[in-house]
Amino acid sequence: MVIVVGGGISGVACAAELNAHGFEVELLDRGHKLGGRMASRVIRDSGTDYDGRVVDIGASYFTASDEKFLTVVEDWKARGLARGWTDAFHLASPQGVSGVRAGPMRYAAVGGLRSLIEDLASQLPNTAFQRNHNVELVSFTDGHLTVDSRLVDAVAICMPDPQARAILDVRAPEMAATIEATCGVVWEPTFAVTAVFQTASWSPFDGVFVNDDSVLTWIANDGSRRGDGAPVLVAHVNPVLAAGHLADPAAVIPRVLAALQRILALSEQPIWVDIQRWTYARPLIAWADDCYLDDDTNVGLASDAWAGGPRIETAWQSGTALGQRMAERLTAAT
Ligand SMILES: Cc1cc2nc3c(=O)[nH]c(=O)nc-3n(C[C@H](O)[C@H](O)[C@H](O)COP(=O)(O)OP(=O)(O)OC[C@H]3O[C@@H](n4cnc5c(N)ncnc54)[C@H](O)[C@@H]3O)c2cc1C
């Protein structure tokens, strides 16, 4: 039995690769939905026309340059699930918007980014998905690998390093190298604040990188991102501010709304506001290796802290690489 822990894009990509090599997989995720940081939520009880609308509250968009990942993206585009959003974002200082910067094409998902993970998962008949399943301990005793006391042949742990480290058995000496591999990368937090307005009182924009601001780093126009023009903004909070309020994210909402008003020169206050905490939003550095696999225990690690991350594309590459290495290792061992 091969288990993948984590149903974000790296875990689902890992399961897909293992399936492609003929291995059946059980994928466990503690969330009630798959997707991890490719998270979307539904607006509810806002008192606006936008109840029932999906908004992206984790990753904002994705880029694609790897040939294999581009194949996946082209398939999503062909089936109307993803679309090229924009290749130009505005720049802002604390005083306001100051210019535009061109870059690579950024893709968005018509049904929210989570829908892309659900789509990938739906294509894996040889993966059994267990949602609401919190894994507590991955251990190695008397030559046997276990996941919560269940004997397994291999386990791929696909999530931020601090979350992976929390489930590795520190009492098992054989785990030492894997635990070591989860150290050395610092992860920064953020909060994503969704603000629903009655009307869009801002000048047209897709997204704004906010520089040198103590409150915000980024503002996405979710109406432009999703293509429906809804007056919905999602602002990401400066990691330093977020780190100081992890126990009480709601406390920063007044400062976020004031910053939105200041930077975008808004004439209206939002009608509905929601905040999402991301304790481990992004690794500050990433290893050049695509993934980690311990040959003695068959425990692997994948996430956006590998493959040069920290992006959706590299998390996909990392999971795919781990699935391939694990499949080759298991095949060689039989
Ligand atoms: C606010 C924010 C903005 C971002 N913006 C962008 C962007 O614009 N572009 C971009 O490319 N990337 C962006 N990223 C990064 C991108 O989201 C990640 O690189 C990518 O989604 C990582 O996927 P993953 O599968 O490695 O990890 P995750 O998506 O974190 O998946 C890990 C999964 O493991 C599960 N899990 C954890 N512990 C356990 C346990 N004990 N038992 C069972 N399950 C467990 C979690 O529930 C989760 O589903 C952003 C991230 C955040 C948070």
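Just so you know, these numbers come straight off a predicted model, no measurement behind them. (Residues numbered from 1 in each chain as written. Predicted model: local features only at pLDDT ≥ 70, side-chain atom pairs only at ≥ 80, totals over all residues. Heavy atoms only, no water.)

S.K.: Lay out the site of the ligand with the relevant residues and their values.
M.R.: The environment of the ligand is formed by 35 residues, the closest being D29, R37, Y61, D304 and I312. In the environment of the ligand, a nitrogen atom lies 2.9 Å from a nitrogen or oxygen atom belonging to the backbone of V135. Here an oxygen atom of the ligand and a backbone polar atom of R311 are 3.4 Å apart. With the chains in place, 95% of the 1000 Å² that the ligand exposes on its own is no longer accessible. Secondary-structure elements contributing two or more residues to the shell around the ligand are α1 (9–20), α4 (161–167), β16 (272–283) and α9 (312–333). A total of three residues in the shell around the ligand trace back to one element, the largest contributor, which is β16. Each residue belonging to the shell around the ligand can be placed in one class, and the counts come to 15 nonpolar, 14 polar and six charged. (Near = heavy atom within 4 Å. Polar contact = N/O pair within 3.5 Å; in protein donor to acceptor, adjacent residues only side chain to side chain. Areas by Shrake-Rupley, 256 points an atom, 1.4 Å probe, with all protein chains shown as cover. Helix = DSSP H or I, 4+ residues; strand = E, 2+ residues; numbered from the N terminus. Nonpolar A, V, L, I, M, F, W, Y, C, P; charged D, E, K, R; others polar.)

S.K.: Describe in detail the side chain of T127, supporting the description with residues and values.
M.R.: Its place among the elements puts T127 in strand β7 (residues 127–130). A polar contact of 2.7 Å, which involves the side chain of T127, links it to the side chain of N19. Those residues in contact with T127, other than ones at most four positions away along the chain, are A15, N19, V25 and L27. (Contact = heavy atoms within 4.5 Å.)

S.K.: Lay out the pattern of salt bridges with the relevant residues and their values.
M.R.: Two side chains that carry opposite charge are able to pair once their charged atoms sit near each other. This structure, assessed with the given rule, holds 15 salt bridges. Close ionic contact of R150 with E26 constitutes a salt bridge, the shortest N to O distance being 2.8 Å. Linking R150 in strand β10 (residues 150–152) with E26 in strand β2 (residues 25–28), this pair joins segments that are 124 residues apart in sequence. Taking the relative accessible area as the measure of exposure, R150 reaches 33% and is therefore partly exposed. What emerges from the salt-bridge pattern is a single network uniting R53, D56, D222, R225 and D228. (Salt bridge = Lys/Arg side-chain N within 4 Å of Asp/Glu carboxyl O. Buried < 20%, exposed > 50% of the residue type's maximum accessible area, 1.4 Å probe, protein only.)

S.K.: Would you mind going over the nonpolar core in detail, with residue names and values included?
M.R.: Core analysis: the biggest nonpolar cluster contains 43 residues, and F62 and F69 have the highest contact counts within it. If sequence neighbours within four positions are ignored, F62 has contacts with F69, V73, W76, A82, M105, R106, Y107, L113, L116 and I312. The next biggest cluster of nonpolar side chains, apart from the first, holds 27 residues, and it includes F197, V208, V210 and I253. (Core = buried A, V, L, I, M, F, W, Y, C linked by side-chain atoms within 4.5 Å.)

S.K.: I'd love a proper account of the sheet that holds strand β14 (residues 216–221), names of residues and values included.
M.R.: Adjacent strands of a sheet form backbone hydrogen bonds with each other and so pair up, either parallel or antiparallel. Across the sheet, which stays open at both edges, the seven strands sit in the order β6-β5-β13-β14-β15-β12-β16 with mixed pairing between neighbours. Each edge of the open sheet is held by one strand with a lone partner, namely β6 (96–109) and β16. Within the sheet, the average angular offset between the axes of one strand and its neighbour, ignoring direction, is 20°. Bridge count between strand β12 (residues 187–196) and β16: nine bridges; the pairing is antiparallel. Paired with V196 across the two strands is W272, which belongs to β16. Sheet contacts for helix α8 (residues 253–264): β5 (82–93), β6, β12, β13 (207–210), β14, β15 (232–237) and β16; angle to β14, the most-contacted strand, approximately 70°. (Pairing = 2+ DSSP bridges. Axes fitted to C-alpha atoms, helices over the stretch in contact; angles between N-to-C directions.)

S.K.: Go over the pairing of strand β8 (residues 138–141), please, and point to the residues and values.
M.R.: In this sheet, strand β9 (residues 144–147) lies alongside β8 in antiparallel orientation, the contact comprising four bridges. Counterpart to F140 in the pairing with β9 is L145.

S.K.: Could you give an account of the packing of aromatic side chains, with specific residues and numbers?
M.R.: Scanning the model with the defined rule gives 15 aromatic pairs in all. Seen in terms of ring centroids, F62 and F69 are 6.0 Å apart; in terms of plane orientation they differ by 70°. Their pairing is edge-to-face. Per residue, the accessibility class of F62 equals that of F69, and both read buried. Within the aromatic cluster, the residues linked to one another by ring pairs are Y61, W85, F89, F209 and W218. (Phe/Tyr/Trp six-rings, centres within 6.5 Å; stacked < 30°, edge-to-face > 60°.)

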